[in-house]
Amino acid sequence: MASVEVARGDITAQRVDAIVNAANESLLGGGGVDGAIHRAAGPELLSECRLLGGCETGDAKATSGYRLPARWVIHTVGPVWGGGGRGERGLLDSCHRRSLDVARELGARSVAFPAISCGVYGYPAALAAPLAVAAARAHGHDLELVRFVLFGDETYAAFAAAASG
Ligand code: AR6
């Protein structure tokens with residue numbers, strides 16, 4: 001089973017095999033962590049993303065990492081929080097599971113995740129964190145390390161609490 005770590009910081013600086021991007025269905029960039037990853041990787045990332053034909057919510061697709069320290073970027077699309085009655089939980093679980101499947105297919109040994117859906121998509125971090133950590137523990141076999149890299153204090157606290165439970 002993978003070691004599950006929680007850290008504060010910028011996911012674009014992570015020296016892991018693959019980082020996960022909280023993208024949208026177009027895969028053509030955006031704000032938040034998506035914008036930061038595209039800026040750090042350089043324009044070749046967008047060129048490769050254009051070839052992918054988008055991505056459904058809950059699914060994941062990989063590209064190279066270009067100028068990032070990480071060799072690959074795994075782009076996943078989290079659900080927009082709509083109060084919890086629209087299948088958000090299953091979709092967020094699917095994002096983590098599919099991202100870990102793709103990581104394994106690539107041969108990645110270490111993967112860093114941001115708090116998918118916890119920014120503009122509005123998923124409460126206190127609900128997302130236990131789900132994300134449980135998915136990493138359940139589906140991270142064959143990987144050495146799954147690291148959650150969090151930006152804000154509240155998000156970090158939610159993930160740290162989930163990982164210690
Ligand atoms: N490193 C780690 N975490 C970050 C970074 C960073 N460099 N930058 C932001 N975060 P969000 P979503 C945190 O909004 O909610 C985009 O426009 C941020 O504080 O990036 O899944 C996409 O194109 C928050 O905790 O992603 C989509 O349209 C978390 O990353 C939409 O936003 C996720 O926030 C996806 O929304």
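Residues numbered from 1 in each chain as written. Predicted model: local features only at pLDDT ≥ 70, side-chain atom pairs only at ≥ 80, totals over all residues. Heavy atoms only, no water.

Caption draft 1: Fine view of the sheet that holds strand β3 (residues 60–64). In spatial order, the strands read β1-β6-β5-β2-β4-β3; together these six strands make up an open sheet with mixed pairing. Each of the sheet's edge strands pairs with one partner strand only, and the pair in question is β1 (3–8) and β3. Between one strand axis and the next, the sheet turns through 25° on average, direction left out of account. Pairing analysis gives four bridges linking strand β5 (residues 110–113) to strand β6 (residues 145–150), with the strands arranged parallel. Bridged to F113 within β6 is F148. Running over the sheet, helix α1 (residues 32–41) touches β2 (18–23) and β4 (72–77) and is turned about 130° from β2. Of the strands in this sheet, β2, β3, β4, β5 and β6 are in contact with helix α3 (residues 88–106), which crosses β4 at around 155°. (Pairing = 2+ DSSP bridges. Helix = DSSP H or I, 4+ residues; strand = E, 2+ residues; numbered from the N terminus. Axes fitted to C-alpha atoms, helices over the stretch in contact; angles between N-to-C directions. Contact = heavy atoms within 4.5 Å.)

Caption draft 2: Region of the structure containing the state of the cysteines. Evaluation of the coordinates by the stated rule reveals zero disulfides. Counting only cysteine sulfurs, C55 is the nearest neighbor of C49, a cysteine outside any disulfide, at a range of 10.0 Å. What makes C49 buried here is its relative accessible area of 1%. Among the cysteines around C95, which has no disulfide bond, C55 carries the closest sulfur, lying 8.0 Å off. The buried category is assigned to C95, whose relative accessible area is 0%. (Disulfide = S-S within 2.5 Å. Buried < 20%, exposed > 50% of the residue type's maximum accessible area, 1.4 Å probe, protein only.)

This is a description of form; function is not addressed.
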